[in-house]
Amino acid sequence: MTSVLNVTLCQMAVAREKAANITKAIRMITEAAKRGSKLAVLPECFNCPYGTKYFDEYSESLAPGNPTYDAVSNCAKSNNIWVIAGSIPEKAADGKLFNSSMTFGPDGALKHVHRKVHLFRINTKTVRFDESEVLSAGDDATAVTMDEHTKFGVGICFDIRYPLLAWNLATQGTSFIVYPGAFNMVTGPTHWELNGRARAVDNQQFVFLCSPARDTSAEYVAWGHSMVIDPMGNVIGELDEKEGFLDCKVDLGVIADTRNRIPIMKGVRNDLYHLDWRKQ
């Protein structure tokens, strides 16, 4: 049974060159494994600049024979490590583009794909962005099984703002939810940590937030501050804005203890509200 899980969040700086980004991601995963990590997490859009005009050019099919898939799959297998490969622009067989996260097991096999369910939109004086200009939204939220006792969920960036998505994953028995995300300099200072801590407290489990490093010369400037949050909402590890690693020993045993001391999950009023309300 997995009790203490060694996790590394890889807050990498993303450049314009796709091959260089993939090479850096592989190096960071490998270094994490050498330090004893059993799970490495990459940030949102780790193989390309974050911008709607880049997504089609950098997109790939999520299958063997494509550079990002092959590199991460081989790295996971050679290092015997789980990898949540942040996200990349995915080009589906029908030509649609998605913002998608691949999860690879330590055998190198693709265990799960999460397509960003809630597409990012913002319209402020300093930041304007709409992923729906080029991306389609995913329609699935399925937990990933790590071993017979441990499941986890994956959301991507804007997905963190939707409590029912996290609740759906929690009801499937997850111990932690991973959000690769690129919050910006408007939303990052106020909402990045706040949303992470809220989802952790709502569902009494760990939350991992993995951001790209900040590049002030980029068209879209990421906030950084990758962090790990425990089931009580405490930030137990955090980076600044620069490229680096966040290594954490996550004790999954505290989840049951937290839920016993504050039995939120046992008090859910399914007679008043439930996840399938729109289907009734």
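The rules behind the values
- Residues numbered from 1 in each chain as written.
- Predicted model: local features only at pLDDT ≥ 70, side-chain atom pairs only at ≥ 80, totals over all residues.
- Heavy atoms only, no water.
- Pairing = 2+ DSSP bridges.
- Helix = DSSP H or I, 4+ residues; strand = E, 2+ residues; numbered from the N terminus.
- Axes fitted to C-alpha atoms, helices over the stretch in contact; angles between N-to-C directions.
- Buried < 20%, exposed > 50% of the residue type's maximum accessible area, 1.4 Å probe, protein only.
- Contact = heavy atoms within 4.5 Å.
- 1 Å grid on protein atoms, 1.4 Å probe; cavity = no way out; pocket = protein on both sides within 12 Å on 5 of 7 lines; lining within 4 Å.
- Points joined across faces, edges and corners; volume = space filled by probe spheres on them.
- Nonpolar A, V, L, I, M, F, W, Y, C, P; charged D, E, K, R; others polar.

- In the annotation of an unreviewed UniProt entry, the protein is listed under the name Putative mitochondrial nitrilase and assigned to Leptomonas pyrrhocoris.

1. Considerations on the pairing of strand 13 (residues 235-238)
Moving on, step 1. Pairing between strand 12 (residues 227-229) and strand 13: 3 bridges, direction antiparallel. Residue pairing for strand 13: M227 is matched across the bridge by E238.
Moving on, step 2. Hairpin connection from strand 12 to strand 13: 5 residues lie between these consecutive antiparallel strands, with G233 at a positive phi of about 90°.

2. Section: the sheet that holds strand 8 (residues 144-147)
Moving on, step 1. With mixed pairing, 6 strands are arranged side by side in an open sheet as 8-9-10-11-12-13. Each edge of the open sheet carries a strand with a single partner, namely strand 8 and strand 13. If you compare each strand with its neighbour and ignore which way they point, the axes differ by 20° on average.
Moving on, step 2. Looking at chain direction, strand 8 and strand 9 (residues 150-154) are connected through 3 bridges and run antiparallel. When the bridges of strand 9 are listed, T145 appears paired with K151.

3. Things to note about helix 4 (residues 163-171)
Moving on, step 1. Within the span of helix 4, buried status applies to L165, A166, W167, L169 and A170.
Moving on, step 2. For helix 4, the elements touching its buried residues are strand 9, strand 10 (174-180) and helix 5 (188-203).
Moving on, step 3. Looking one or two places after helix 4, you find G173, whose phi comes out positive at around 95°.

4. Notes on empty space enclosed by the protein
Left-over empty space is what a probe sized like a water molecule reveals as it rolls over the atoms.
Moving on, step 1. Within the structure shown, the criterion is met by 1 cavity of 30 Å³ or more.
Moving on, step 2. One number sums up the size of the largest cavity: a volume of about 40 Å³.
Moving on, step 3. Its residues placed into classes, the lining of the largest cavity shows 6 nonpolar, 2 polar and 1 charged.

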